[in-house]
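Analysis of the macromolecular model
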Amino acid sequence: MATFAYLRVSTTDQTTEQQLKQILDAGYAVESDRVYVELGVSGKVPALQREQFRRLHDRLSKQDRIIVSKLDRLGRDTLDVISTIEKLTEMGVSVVVLGLGVLDQSPQSRLTLTMLAAISQFERE
């Protein structure tokens, strides 16, 4: 079981340092070669069309986990975020969102995911 971190910012003048700090401060140990960073990539770009997320996805195995500081780091399109998390959990990969916990296939998790992804898309629009 490996732990990965996915960090994303929309503009090149932003940094991902705070996201990584939050993940580490939450007690997750992530080796440097398991941290994937997207700089200047909009959250409306589908996850699997982003270079670093695609590289991360290709490296994942059953029982691995991905940590993100906030749900909107995965994306800002409701359907894409939901689809991405469903694909990952079907692969046996855990998705951990700080402050929310593990997103899985449980009804409560799916409701939370749908509501938060919709809010994220609303904020973007």
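Structure report, in brief. Since we're looking at a predicted model, the values are computed, not measured.

**Notes on the overall build of the protein**
Scanning the protein from terminus to terminus reveals 4 helices and 5 strands. For a compact globule of 125 residues, the expected C-alpha radius of gyration is about 14 Å, and the protein comes in at 13 Å, within 12% of that figure. C-alpha atoms of the protein, sized along the principal axes, occupy 35 × 35 × 25 Å. Taking all 125 residues of the protein together, the buried fraction comes to 41%. By sequence separation, contacts in the protein at least 24 residues apart represent 69% of the contacts at least 6 residues apart. Of the accessible surface of the protein, which amounts to about 6,900 Å², a share of 50% is contributed by carbon and sulfur atoms. Across the protein, the 16 positively charged side chains and the 17 negatively charged ones have centroids separated by 1 Å.

**Some words on the environment of R65**
Tracing the sequence through the fold places R65 in strand β3 (residues 65–68). It is 16 Å that separates the C-alpha atoms of R65 and V81, two residues lying 16 residues apart in sequence. When residues no more than four places from it in sequence are discounted, the contact partners of R65 are M1, A2, T3, F4, Y28, V93, S94 and V96.

**Concerning the pattern of salt bridges**
Summed over all chains, the structure comprises 7 salt bridges. The salt bridge partner of E31 is R34, with a shortest N-O separation of 3.6 Å. R55 serves as the salt-bridge partner of E51, at 3.0 Å between the closest nitrogen and oxygen. Here E51 and its partner R55 are both found in helix α2 (residues 51–59), 4 residues apart, which amounts to about one turn of the helix. Since its relative accessible area comes to 41%, E51 is described here as partly exposed. Within the structure, one salt-bridge network assembled from shared partners comprises K70, D72, R73 and R76.

**Describing the pairing of strand β1 (residues 3–9)**
Burial runs high along β1: 7 of the 7 residues are buried. A two-sided burial pattern is seen for β1, the buried positions comprising T3, A5, L7 and V9 on one face and F4, Y6 and R8 on the other. In this structure, β1 lies alongside β3, joined through 3 bridges in parallel fashion. Bridging across to β3, F4 finds its partner in I66. Two elements, β1 and strand β2 (residues 35–39), share 5 bridges in a ladder whose sense is parallel. Residue pairing in the sheet places A5 in a bridge with V35 of β2.

Parameters at a glance
- Residues numbered from 1 in each chain as written.
- Predicted model: local features only at pLDDT ≥ 70, side-chain atom pairs only at ≥ 80, totals over all residues.
- Heavy atoms only, no water.
- Helix = DSSP H or I, 4+ residues; strand = E, 2+ residues; numbered from the N terminus.
- Rg over C-alpha atoms; globule rule 2.2 N^0.38 Å.
- Buried < 20%, exposed > 50% of the residue type's maximum accessible area, 1.4 Å probe, protein only.
- Contact = heavy atoms within 4.5 Å.
- Areas by Shrake-Rupley, 256 points an atom, 1.4 Å probe, with all protein chains shown as cover.
- Lys, Arg positive; Asp, Glu negative; His and termini not counted.
- Charge placed at Lys NZ, Arg CZ, Asp CG, Glu CD.
- Salt bridge = Lys/Arg side-chain N within 4 Å of Asp/Glu carboxyl O.
- Pairing = 2+ DSSP bridges.

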